[in-house]
Structure formats: C-alpha cells, structure tokens
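Survey of secondary and tertiary structure
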Amino acid sequence: MQPGVFFVSVLSTLKKRYFWISLLFWLVMVAPAQAALILRVAVQDGASQVKVGSSTKAAIRDGSGRNLGELPANSSQSAQFRSGTVAIGRWAANQVWIEPTGNGYVWIGDRWYRGRTLLVPQKGGLTAVNYVDIEQYLYSVLGAEMNGNWPIEALKAQAVAARSYAIHQRLKSETELYDVDNTQSSQVYKGLQTESSGTYLAVDATAGQVLTYNGQIILAVFHSASGGHTENVEDVWTEPLPYLRAVPDFDQGAPVYQWKENFSRAQISSKISGVGNVISMKPERTTRYGSVLSMKVVGDGGSRVMSGADLRRVLNLRSTRFTVIPQYGGIFSGRNSGRPPTGFQVAGKGFGHAVGMSQWGAYNLARQGYGYQQILLHYYRGTTLARIAVQ
C-alpha cells in the first residue's frame, strides 16, 4: 500500500508546553475491489468448538466460496474441529464462511459482531476470525478500551490511536490468518456489546484519520494511566521509536493513579519460586520515572533477580512502577528489628505499560478543553495527523 499526499492544512495548537503545530495530510491506501478497509480479528483461537449464528439468513460457504448451505436467521450451530476440518451441521470443509445477508450480525461464541466469520482449523482446534470494516470495529474498541460516556475529545483521540494501531498491525501482521486478536495483547474488542452513541460519534468524526511519522503509520500503543509521566519505549520493550518518548502525563486524580497491594510473607513466597521464604525485595534497575526494570528477591532458600514485568505478572500488579515496603507485625510493627518481615506492601502508580497515550491523561485534558489533535500530538511526539482513503 503506497501512500500519497493530496492536501495539507495547518491544525491549531496549544499555547502551552509540550504541544506543537502539526500538518494534516490526506493519504490514499489502495485496496482494490473493496469500498472499505477490512480488518481480520481473531475472536477465538484453537477452540474445540465455536458456536456461530446470524441475525439474518446467512450463507455457509467453503474456503473457495462454494455454497454449502444456509443458516436460518436467529439460529446457531456449533462448529467443531474434526479430522483437520471444520464440521458444522451436516457439512465439513477445510474452511467455512458464515456470511449474513443484508445488514445482519454474526454470533461468535457468546456475543454479536458486525461483518462475517471465517472458521479455520488450526492448533488442533478452530480459529474464528471476524472480518469487519475497520470503522465498525472501532465502534466496539472505543467502548471496551475507554468508555462511551467519556468526553468526546478523549474518545476521538482514542479512535485515532486505535485506528492507527490496527492498521499498523494489519501491515505488519506475522500471521496470514488475522491482523489482531480481541484481547489486551492487541486491542479489546467485544462486538456490539460495547458500542454506544459516544463511540459512534467519535469514530465517525475522525473517520480515516491516523497518526504517521515519516510517512508511515505509527505503532500507536496506549495505556490506562502512567502515574505522572510516560516512559520511553526502549525502557519498556526493546526497539527505540522516535515518536514514543517519555512525556509528562495528566492523569492525576485517576482511580489508578496510585494504588497499594498487601501480601503476607507466605502469599508472596508462594508466588515467587526458587528463593524459599522471601526476606527482602530491592530494585536493581529502574527507569528515570520509577518503573522497575529488575529487582533482587532474597529468601531463606536463595536469591534471584526478576524483571519488573515478571514481578508484575506473578503478583498481578497494575504496572511496573512500584516500590516494595517490608511490613513488621506485633511489637515490631513499622520497623526492622532484625527479624524477617511478616509481609510486604507494594505501593504503585499507574495501570499498564506507560508507553504512548495515557487514557486517563486524555480524559483530563479533554475535560480541560483540549482537542483530540492536541492530546494525540502530546503523547505521540513529532507525529503527523493524516487521513486515509480506501480505493
């Protein structure tokens, strides 16, 4: 897909620090023989069976497009993995399409989705892929990732970021079967369940708009809240990207801005293997803004160095931006008497990886009157707002 520049106009800019002027370009992404940009979303992966249906009469076709039969409106069937094929009702094929007529919706698993469904045998089970117009996909993503009742400028910022992320993944997809999945590892997508008037308005108002850097659509990652300051991408993952730079966040007052978790010594020792009963936990490396890169865990049976990401996972923490405070019970409460701690308090900030746009930061900026362009250009440094048109 080759982008071309068609028109340029200057956007307004904030008269505050950390914001700047950007240009608005129109890009054309060529997609012959279709009027919309279709995204392939893995809704179920490797399942032994998948319940599928349609709100209208639907055609059942095999992978080559040959008609196998018909699924009545408002009915469902259980598709099953059988001897390397997809078996549904009395039919079996290497792949099966469920294609609603009219403006029907498809049922996949436990909810309704727009578009159509492809069932493919994979990983000893079935993978259900929802083929959906990207703008209609975003109606759902906004409500699942943010909240349809949030300020409209925050929702618009989320729409542009989510659209940019999805198209970036579509262009870079490492599998031929789908572009993204429906979980937090991509973007949360729950079909019609999370659509609302707010998500329709935000998506339609920003239709086709994406963020670019040097003419390429960016990896527009986002998170709930950073706890005061976002991170440089290379301090969290590996590849440095010039537009994912650490910037001040505006997430103060968010319910996840600060948090605490308490663990007894037995609880934390059961979650961290290889050291016996935990005695101490001290950071070895942190980012400039306090996220833990590595921490030394010492126990009565040994010690080990763990990454902040691994500790977040095993302790089920909201982020890697935390400190660990030993707790001493009884008459030794609050001080170290030479005895091992009775527990540990984890005091943290933020929710998520702290890279890219902060959703709670966008919320607060929108409430203060800033536009979605200004929000985006703060969190994605040096980017350009562009519009794609599919031909």
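Residues numbered from 1 in each chain as written. Predicted model: local features only at pLDDT ≥ 70, side-chain atom pairs only at ≥ 80, totals over all residues. Heavy atoms only, no water.

Notes on the nonpolar core
Counting residues in hydrophobic clusters, the biggest one holds 81 residues, and the most contacted among them are Tyr137, Met357, Ile375, Leu376 and Tyr380. Residues contacting Tyr137, with those up to four places away along its chain left out, are Leu39, Val41, Val132, Ala166, Val180, Gln187 and Tyr189. Trp259, Val278, Leu315 and Phe344 belong to the second largest nonpolar core, which has 18 residues in total. (Core = buried A, V, L, I, M, F, W, Y, C linked by side-chain atoms within 4.5 Å. Buried < 20%, exposed > 50% of the residue type's maximum accessible area, 1.4 Å probe, protein only. Contact = heavy atoms within 4.5 Å.)

Quick notes on helix H7 (residues 359-367)
Owing to its 3.6 residues per turn, the α-helix aligns residues three or four sequence positions apart on the same side. Across the nine residues of H7, eight count as buried, placing the element largely inside the fold. Of the positions making up H7, those classed as buried are Gln359, Trp360, Gly361, Ala362, Tyr363, Asn364, Leu365 and Ala366. Next to the buried residues of H7 lie helix H1 (134-145), helix H2 (152-172), strand S18 (222-223), strand S25 (357-358) and helix H8 (372-379). Directly beyond the C-terminal end of H7, a positive phi value near 100° is found at Gly369. (Helix = DSSP H or I, 4+ residues; strand = E, 2+ residues; numbered from the N terminus.)

Quick notes on the packing of H2 against helix H3 (residues 197-205)
Orientation of H2 relative to H3, taken along the N-to-C sense of each, is 60°, at an axis distance of 8 Å. In terms of their interaxial angle, H2 and H3 are classed as oblique. Regarding H2 and H3, the two cross each other, and that crossing is right-handed. Contacts from Ile152, Leu155, Lys156, Ala159 and Arg163 in H2 reach Gly198, Leu201, Ala202, Val203 and Ala205 in H3. Residues that form the contact of H2 with H3 fall into these classes: seven nonpolar, one polar and two charged. (Axes fitted to C-alpha atoms, helices over the stretch in contact; angles between N-to-C directions. Parallel < 35°, antiparallel > 145°, perpendicular 65-115°, else oblique. Left-handed = near helix turned anticlockwise from the far one by under 90°. Nonpolar A, V, L, I, M, F, W, Y, C, P; charged D, E, K, R; others polar.)

Quick notes on the packing of H2 against H7
Packing of H2 against H7 brings their axes to within 7 Å, and their N-to-C directions diverge by 140°. In terms of orientation, H2 lies oblique with respect to H7. Of the two possible hands of crossing, H2 and H7 adopt the one that is right-handed. Taking contact as the criterion, the partners of Glu153, Ala154 and Gln158 in H2 are, on H7, Gln359, Ala362, Tyr363 and Ala366. Looking at the contact of H2 with H7 residue by residue, the class counts come to four nonpolar, two polar and one charged.

Examining the pairing of strand S24 (residues 343-349)
With respect to burial, S24 is a largely interior element, five of its seven residues being buried. Judged from the six bridges that link them, strand S23 (residues 322-327) and S24 form a sheet pairing that is antiparallel. Paired with Val324 across the bridge in S24 is Val346. (Pairing = 2+ DSSP bridges.)

Side note on the pattern of salt bridges
A complete count under the given rule lists 13 salt bridges for this structure. As a salt-bridge pair, Lys156 and Glu153 come within 3.1 Å of each other at their nearest N and O atoms. Here Lys156 pairs with Glu153, and both are found in helix H2, just three residues apart, close to one helical turn. A salt bridge links Arg245 to Glu234, with the nearest nitrogen and oxygen atoms 2.6 Å apart. Taken together, the residues span a long stretch of sequence, with Arg245 in the loop between helix H4 (233-236) and strand S19 (258-264) and Glu234 in helix H4 at a distance of 11 residues. By relative accessible area, which is 28% here, Glu234 ends up partly exposed. (Salt bridge = Lys/Arg side-chain N within 4 Å of Asp/Glu carboxyl O.)

Points about the environment of Met146
Inspection of the secondary structure assignment puts Met146 in the loop between H1 and H2. Other than its neighbours up to four places away in sequence, Met146 contacts Val141, Ala154, Leu155, Gln158, Met357 and Gln359.

Section: the sheet that holds S19
Across the sheet, which stays open at both edges, the three strands sit in the order S19-S24-S23 with antiparallel pairing between neighbours. On the outer flanks of this sheet lie S19 and S23, each paired with one strand and no other. Across this sheet, the average inter-strand angle for adjacent strands is 20°, counted without regard to direction.

Some remarks on the environment of Met357
Tracing the sequence through the fold places Met357 in strand S25. As for Met357 and Ser226, which are separated by 131 residues in sequence, their C-alpha atoms are 9.2 Å apart. Look past the residues within four positions of Met357 in its chain and what remains in contact with it is Met146, Ala157, Gln158, Ala161, Val221, Phe222, His223, Ala362, Ile375, Leu376, Tyr379 and Tyr380.

Topic: the packing of aromatic side chains
A complete count under the given rule lists nine aromatic pairs for this structure. For the ring pair Trp150 and Tyr363, a centre distance of 4.7 Å and an interplane angle of 55° mean the geometry is tilted. Linking Trp150 in the loop between H1 and H2 with Tyr363 in helix H7, this pair joins segments that are 213 residues apart in sequence. For the pair formed by Trp150 and Tyr363, the shared burial category is buried. Their ring planes at 50° and their centres at 5.7 Å tell us that Tyr213 and Tyr243 sit as a pair that is tilted. Here Tyr213 is found in strand S16 (residues 209-213), whereas its partner Tyr243 is found in the loop between H4 and S19, with 30 residues between them in sequence. An aromatic cluster is built from Tyr113, Tyr137 and Tyr189, whose rings are joined through pairwise contacts. Geometry around Trp97 places Arg116 over its ring, the cationic atom sitting 4.0 Å from the centre. (Phe/Tyr/Trp six-rings, centres within 6.5 Å; stacked < 30°, edge-to-face > 60°. Lys NZ or Arg CZ within 6 Å of the ring centre and 35° of its normal.)

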